[in-house]
Amino acid sequence: MKLFRGLRDEAVMRTLRTRNTVLGTGSTEPNSSVEHSGKTTSDGRKFKPLTLPRILRRNSKSNTNITAPDVPNTSSVITLEELLTFEQNLERNCLSAAGQQLIEREERLYGQISEEVVQSTTEWEKEEEQFIRDHKALLSQIDLVVKSSLSPDEDSLEALKSAVKAILQEEEQDRRWLKQVGKQPAWRPSECRRHHNTVLQSLVEERMDNAELPPEESNKLRSSLQRDVCGKGRRLQKDLLRVVKDVKGCYPEDMDICNFYGKMYHQAFSAGMRNIEEYGLGMDDCSYLLYWVNVAYPEILQNPELTKVINPEMLGKLLTEELTTPLENQCLTHKETEVQTLINKVLMVEEQAWMEGSVPELRDDCYFSPLAIDVIQFINAAVKSIETVLGTMSKVQIIVCLLKDFLNSYKKFQEKVLKGSNNGNSRTVIMANLACVEQFRDYIVNKADIFPVDVKECCLSIVAEMKNIGYTFLTSPIHKDLKSQYRDLGTPVWLEKKKQVFEKLFEGINKHTQDLKGLTNSCHQELLSQLHLEVTVEYVRRLLKRKIKLRDKEMQEQAARSVCEDGQRLHKLFTEAGSREEWLSDILPKIAEVLKLQDISSIQLEIVTLSQAYPDLSEFQVSALLSLKSNLSASAVRRVKKTLLDNQDTTSSQDVPSFFSKAVKSDIT
């Protein structure tokens, strides 16, 4: 007021023409001070763009320091809002029209259009005071409308459109005044847009603070913290969708209102999370908070309707890594301890049952242990929980690494069972646990991507060793029973009484294969495959012990036929029983071919072929095989061996199963 009194003293204020009642300059009753707060309802209506009459600039003879800004000339189109008074437009929430009326009054109040009529100082001051009250009333009503932005009714949206236009008009008027030389009115710049942003921020914070869940959803959550976090998250989701669907259309594109709302809600939600995080959290609340930070909130922002207009990357994460890292470590440590306790208890129960002499349960004629299923379920549940809470698989390795230590403990338990084989239940326990070992192997192979490479290789090595030890434990009694039949192989008795010797061995093997019961189908196949390999290895080992001399072609051909026939019958027996070692079918026939051949060049070629198929064939074993052919000269043997050595240098890298290296020694005497 002092500013304008000073301006009044500098020069006599020129009168304005009689006020146009169309533009509405009636007074507002100042029963109470008008503030930028409160609440009112209205029936705001759509309006056409307002056209303004030409406003003349102050006469150049005026001594006043304030010069009203220019207003562009437009055509004189009269709209409904122009026919209403300022108070009527304000009441109807036609805020754009009301704002335009104030701008025109502001122009007249500080612009001289005639020098003929001079208003009294008192009258000018009254008009100025009335203008200030009306301007505050407009801004207060804009605040109320903006605060109702997220109301679901159509009238609120129409009022918001008008309020936004009024804000832009005020911003434009601020810019006009800034271009003028001299002093400006005290209310300029009004910074209406900045105030609008502040109101929206307060609105968002209030809505987030008061967010609540419906009772049916709230009752499903375990704590007040979880209800608070979920309530805020649901409020954010619902309000942002409302902004995108309805509020967005009330603003010009350059205001980018959706990203503004997204930023305000993100900040409010983040602040709430930080306040919660400052207090010590229990495990359930810690996991729930991390779930919202890492999974639920990002999923909300990835809603296709939101991603079209809101940039999630610009918002970032709800909590910084500095805040989430201690929570994640708390969660991981808890899960690690929990899983370790559970899987150790599973092994303890298994060991206790064995020590008490319990026989594993039979399911579908197979001995069954739940150990592997339980351990894998505990690990999988923890992995899934961590992935759900953290939104990534990158940190689950702390859990799967527990499997390596567990398998080492499991292997020690197996060794105890083997040492205590006199216990009546040891054989059945090994059978049940072979199925568990297979389940662990399949799990590690199928879930290889979640294991560190070194841990995966270590785990696979442990289960492979456990499998071999377990199958050897089951096949050892068979070989022990067949030892007397093995003893005659590769001896003169075998050649003279071939049918008796081999038939006895064949019948013994057949009987044992029929008695191998209690294993799952896959374990049964693996056991038969191993037994198939071990019997074939023992057959060759006995043959190479040089206990027979094949002096002539006839004896050599007879021995070759016997070896070939024995190999075919053994292979058929085992494959029909379930062995999958098809590659073993060629070994005895290839040895038989060496025994049959008489030409040195042919023998050389056959030895090379044999060494190419089985690179672990040694010079010593070739010597033993050739020694059976007692009619070969020493020089011929040397030639064959030299050919072997020359060709082994080029064939030793082949990736084929080892066989002859297993025939060097045997536990069967």
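Residues numbered from 1 in each chain as written. Predicted model: local features only at pLDDT ≥ 70, side-chain atom pairs only at ≥ 80, totals over all residues. Heavy atoms only, no water.

Quick look at helix H19 (residues 453-481) now. Relative to the 42 Å expected for 29 residues at 1.5 Å per residue, H19 spans 43 Å between its end C-alpha atoms, a close match to the ideal helical length. Helix geometry: H19 is bent most strongly at Thr475, by close to 30°, with proline Pro477 lying one to four residues after it. Those residues of H19 not exposed but buried are Val455, Cys459, Ile462, Val463, Met466, Gly470, Tyr471, Leu474, Thr475, Ile478 and His479. (Helix = DSSP H or I, 4+ residues; strand = E, 2+ residues; numbered from the N terminus. Expected span 1.5 Å × (residues − 1). Bend = angle between axes of the 7 residues up to and from the residue. Buried < 20%, exposed > 50% of the residue type's maximum accessible area, 1.4 Å probe, protein only.)

This next bit is on the pattern of salt bridges. As enumerated under the stated definition, the model contains 30 salt bridges in all. Taking the shortest distance from any N to any O, the salt bridge between Glu217 and Arg234 comes out at 3.3 Å. Of this pair, Glu217 sits in helix H8 (residues 215-218) while Arg234 sits in helix H9 (residues 224-245), and the two are 17 residues apart along the sequence. Its relative accessible area of 36% is what places Arg234 among the partly exposed residues. A salt bridge links Glu465 to Lys411; the shortest N-O distance between them is 3.5 Å. Taken together, the residues Glu465 in helix H19 and Lys411 in helix H17 (residues 402-419) connect sequence positions 54 residues apart. The class of Glu465 is partly exposed, set by a relative accessible area of 38%. Taking the relative accessible area as the measure of exposure, Lys411 reaches 15% and is therefore buried. Here the salt bridges do not stand alone but share partners, grouping Glu438, Arg441, Asp442, Lys467 and Glu526 into one network. (Salt bridge = Lys/Arg side-chain N within 4 Å of Asp/Glu carboxyl O.)

Across its 20 residues, helix H15 (residues 371-390) extends 29 Å between first and last C-alpha, which sits within 8% of the 28 Å expected from 1.5 Å per residue. Among the residues of H15, those classed as buried are Leu371, Ala372, Val375, Ile376, Ile379, Ala382, Val383, Ile386, Val389 and Leu390. Check the buried side of H15 and you find it contacts helix H11 (283-301), helix H14 (321-355), helix H16 (397-400), H17 and helix H18 (426-446). (Contact = heavy atoms within 4.5 Å.)

On inspection of all chains with the given rule, the structure shows three cavities of 30 Å³ or more. Along its surface, the largest cavity is lined by His532, Thr536, Gly567, Leu570, His571, Leu584, Ser585, Leu588 and Pro589. At the level of elements, helix H23 (521-543), helix H24 (553-577) and helix H25 (587-596) are the ones that each hand at least two residues to the lining of the largest cavity. Ranked by residues supplied to the lining of the largest cavity, first place goes to H24 with three residues. In terms of residue class, the lining of the largest cavity is built from four nonpolar, five polar and no charged. (1 Å grid on protein atoms, 1.4 Å probe; cavity = no way out; pocket = protein on both sides within 12 Å on 5 of 7 lines; lining within 4 Å. Points joined across faces, edges and corners; volume = space filled by probe spheres on them. Nonpolar A, V, L, I, M, F, W, Y, C, P; charged D, E, K, R; others polar.)

Another point: unusual backbone geometry. The omega torsion of the bond from Arg188 to Pro189 falls at -5°, within 30 degrees of zero and hence cis. With respect to the secondary-structure elements, Pro189 resides in the loop between helix H6 (154-179) and helix H7 (192-209). The backbone of Asn93 shows a phi angle near 60°, a positive value even though the residue is not glycine. Looking at where Asn93 falls in the secondary structure, it is placed in the loop between helix H3 (86-91) and helix H4 (95-109). The buried category is assigned to Asn93, whose relative accessible area is 6%. A positive phi angle, close to 65°, is found at Asp365, a residue other than glycine. Residue position: Asp365 is located in the loop between strand S1 (361-363) and strand S2 (366-368).

Below, the discussion takes up the environment of Leu584. Topologically, Leu584 is positioned in the loop between H24 and H25. Its relative accessible area of 4% is what places Leu584 among the buried residues. A sequence separation of 75 residues divides Leu584 from Phe659, and the C-alpha atoms of the two residues are 9.0 Å apart. Not counting residues up to four positions away in its chain, the partners in contact with Leu584 are His532, Leu533, Thr536, His571 and Phe659.

We now examine the packing of aromatic side chains. Remark: the centre distance and the inter-plane angle together describe each pair of aromatic rings, the angle taken between the planes. Considering all chains together, one arrives at 17 aromatic pairs under this definition. Considering the side-chain rings of Tyr288 and Tyr291, the 6.3 Å spacing of their centres and the 40° angle between planes classify their relative orientation as tilted. A residue pair is termed a helical-turn pair when its members lie 3 or 4 positions apart in one helix, as Tyr288 and Tyr291 do in helix H11 at three residues. Pairing Phe659 with Phe660 gives two aromatic rings, centres 5.2 Å apart and planes at 85°, and the pair type is edge-to-face. The same class applies to Phe659 as to Phe660, namely buried. Clustering of aromatic rings is evident, with ring pairs tying together Trp354, Phe406, Tyr410, Phe413 and Phe440. One cation-aromatic arrangement involves Arg105 over Phe86; the distance from NZ or CZ to the ring centre is 6.0 Å. Geometry around Phe506 places Arg569 over its ring, the cationic atom sitting 4.3 Å from the centre. (Phe/Tyr/Trp six-rings, centres within 6.5 Å; stacked < 30°, edge-to-face > 60°. Lys NZ or Arg CZ within 6 Å of the ring centre and 35° of its normal.)

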